Amino acid sequence: MQKDDLLRLLRDPNLLPSEKQTLLSNIAAQAAALDMPCYIVGGFVRDLLLGKLVNDFDIVVEGDAIKLGKTLVKKFGGKLTPHDKFHTAIWRLPETWNLIPDTLDLITARKETYLMPGALPTVTPATIEDDLRRRDFTINSMAIRMEGDHFGELLDPLNGQADLEEGLIRILHPRSFIEDPTRIFRAIRYEARYSFNLESSTFNLINPESLDIIPRLSGERIRHELDLIFEEGNSSQMILRAGEFGLFKMIHPSLPLFNADYSDFLDVDPTLDIPTSRTEMGYMLWLMDLMEDGIMSIAERLDFTSDLAYSVWAVSQLKKSLPFLTGSKPSVWTFALEKLPPLSIYVVYLVSRENALLDFLSIWRHVKPHTTGNDLKARGLEPGPRFGEILTQLRAAWLDGDVTNKQQEEDLLNQIT
Ligand code: CTP
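The structure reproduced in this document is the subject of the present report.

### Thoughts on the overall build of the protein chain
Then, in step 1: Secondary structure summary: the protein chain contains 22 helices and 11 strands in total.
Then, in step 2: What you see for the protein chain is a C-alpha radius of gyration of 28 Å, clearly larger than the 22 Å of a compact globule of 417 residues, by over 25%.
Then, in step 3: Relative to its 417 residues, the protein chain shows a buried fraction of 50%.
Then, in step 4: Restricting the contact set of the protein chain to residue pairs at least 6 apart, pairs at least 24 apart contribute 64%.
Then, in step 5: As presented, the protein chain carries roughly 19900 Å² of accessible surface, and 50% of it is formed by carbon and sulfur atoms.

Here is the structure:
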């Protein structure tokens, strides 16, 4: 790509909003003042060249990124979190700028050495070219130089641009997946996100040798990759593909394939007013047909939070108890469902189409009697467990249609107290 064309993209407010353009030029000016070659790298360059809106950016400098960060904070404010070991810093941008994301990574160009496959690498400062060569795919290994007269120069030593044009995901060297098998997950994500193909030797390197390293990855790292998949628009395609590659049994022997019958539900946004999360829904749909001990053991391997483990467990329990609940009165449904997370109930609704579940979420869970604990006290009743029983009985009467107005509730109350 000619420099002029790239400059046009960088100045296009539909691709890079003007406030972000200003931020970039401020950073570039500070880097120039420090005589530090400064680049924007990775996903930003890839998406800009694809003509997509870019939002997030990683800045790499040939020099000390922490020093650049300190200068930026001194001039513009915000807060710097330096990581001395990695020569990187996270700059929390001044609040008044109201930018999203509100942090920015500043990285010192580096080389990485992997002492052990699957372990985190050891990092040493290096040139931008070394930095690009340590990356995952050619399409992610381009940089645009930012400072001074160099603004808008594309660095593409690995021919990422050609692969971008051909729609190919290509690793940089044959040991890439062995050194970092999270890249297998990333390849699958880019393949479906951009409708690209895995270049043939890259495809062949997703093989027993690289898959064998997956068990060495921490639960947190694997879950992060799976979370990223579930957050994507095409997550169903990605999770089915990951199963085809045999990734799951390397994560945990009981981890099943994703049930293709459920895959359309990954992209459903609940229409009801319930807290929702695409990743939570993903794990629920994936694991709901397992037995309790399978779910718990996978939850441990993937380092689930206790809330996530509980939500997934709740889906599986509810799905298994549906045959016993079907045909019950609304009060029975309500008291059985009430302690479960609403999203778990919604997911069981998606796969079962049991209308009672939707009735619970949209109507029944909000039904309450008029009478309160204070009303019972005013009647001279002693507070205690009996209060709960009375209020539950009144609520059940409303739910089941035995009471339909305030007077009828009053009559029932008189009967039972
Ligand atoms: N990277 C890598 N190996 C990894 C993770 C990341 O080489 N296992 C490099 C890639 O060059 C990537 C960059 O680090 O472009 C930033 O990573 P990340 O923010 O995860 O990805 P993005 O490129 O921003 O892409 P996405 O749109 O998927 O977030």
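### Some points on the environment of Ser235
Then, in step 1: Relative to the elements of secondary structure, Ser235 occurs in helix 12 (residues 235-244).
Then, in step 2: The exposure class of Ser235 is buried, given its relative accessible area of 0%.
Then, in step 3: The sequence separation of Ser235 and Thr271 amounts to 36 residues, and the corresponding C-alpha distance is 20 Å.
Then, in step 4: Each residue touching Ser235, except ones within four places of it in the same chain, is listed here: Ile229, Phe230, Leu266, Asp267 and Arg278.

### Let's talk about the environment of Glu292
Then, in step 1: By the element assignment, Glu292 lies in helix 15 (residues 292-301).
Then, in step 2: Separated by 204 residues in the primary sequence, Glu292 and Thr88 have C-alpha atoms spaced 43 Å apart.
Then, in step 3: Beyond its immediate chain neighbours, meaning those up to four positions away, Glu292 contacts Trp313 and Gln317.

### Examining empty space enclosed by the protein
Then, in step 1: Tallied over the entire structure, the rule returns one cavity of 30 Å³ or more.
Then, in step 2: Considering only enclosed or pocket space, the largest cavity measures out at about 60 Å³ in volume.
Then, in step 3: Around the largest cavity sit Lys20, Leu23, Asn55, Asp56, Phe57, Leu93, Pro101, Thr103 and Leu104, which together line it.
Then, in step 4: Grouping the constituent residues of the lining of the largest cavity by class yields five nonpolar, two polar and two charged.

### Here's the deal with the site of the ligand
Then, in step 1: Close to the ligand lie 14 residues; Arg46, Asp136, Asp180, Arg186 and Arg193 are nearest.
Then, in step 2: At 3.1 Å, a backbone N or O of Gly43 approaches an oxygen atom of the ligand.
Then, in step 3: Interatomic distance of 2.8 Å between a side-chain N/O atom of Asp180 and a nitrogen atom of the ligand.
Then, in step 4: In the complex, 73% of the free accessible area of the ligand, which totals 560 Å², lies under the protein chains.
Then, in step 5: Applying the majority rule of atoms within 2 Å of the grid points places the ligand in the largest pocket.
Then, in step 6: Contributions of two or more residues to the shell around the ligand are made by helix 3 (43-49) and helix 8 (182-194).
Then, in step 7: At six residues, helix 8 tops the list of elements feeding residues into the shell around the ligand.
Then, in step 8: In terms of residue class, the shell around the ligand is built from one nonpolar, four polar and nine charged.

### Digging into the sheet that holds strand 2 (residues 58-61)
Then, in step 1: Taken together, the seven strands give an open sheet; going across it, the order is 3-4-5-2-1-8-9, and neighbouring strands pair in mixed fashion. Every interior strand has two partners, whereas the edge strands, strand 3 (79-83) and strand 9 (153-155), have only one. Across the sheet, the mean angle separating the axes of adjacent strands is 25 degrees when strand polarity is ignored.
Then, in step 2: Relative to strand 5 (residues 103-108), strand 4 (residues 88-92) is paired through five bridges, and the arrangement is antiparallel. Residue pairing across strands places Ala89 opposite Leu106, the latter belonging to strand 5.
Then, in step 3: This element, helix 4 (residues 65-76), spans strand 2, strand 3, strand 4 and strand 5 of the sheet and lies at about 170 degrees to strand 3.

What counts, and at which threshold
Residues numbered from 1 in each chain as written. Predicted model: local features only at pLDDT ≥ 70, side-chain atom pairs only at ≥ 80, totals over all residues. Heavy atoms only, no water. Helix = DSSP H or I, 4+ residues; strand = E, 2+ residues; numbered from the N terminus. Rg over C-alpha atoms; globule rule 2.2 N^0.38 Å. Buried < 20%, exposed > 50% of the residue type's maximum accessible area, 1.4 Å probe, protein only. Contact = heavy atoms within 4.5 Å. Areas by Shrake-Rupley, 256 points an atom, 1.4 Å probe, with all protein chains shown as cover. 1 Å grid on protein atoms, 1.4 Å probe; cavity = no way out; pocket = protein on both sides within 12 Å on 5 of 7 lines; lining within 4 Å. Points joined across faces, edges and corners; volume = space filled by probe spheres on them. Nonpolar A, V, L, I, M, F, W, Y, C, P; charged D, E, K, R; others polar. Near = heavy atom within 4 Å. Polar contact = N/O pair within 3.5 Å; in protein donor to acceptor, adjacent residues only side chain to side chain. Sits in = over half its atoms within 2 Å of the grid points. Pairing = 2+ DSSP bridges. Axes fitted to C-alpha atoms, helices over the stretch in contact; angles between N-to-C directions.

These figures come from the coordinates and say nothing about function on their own.
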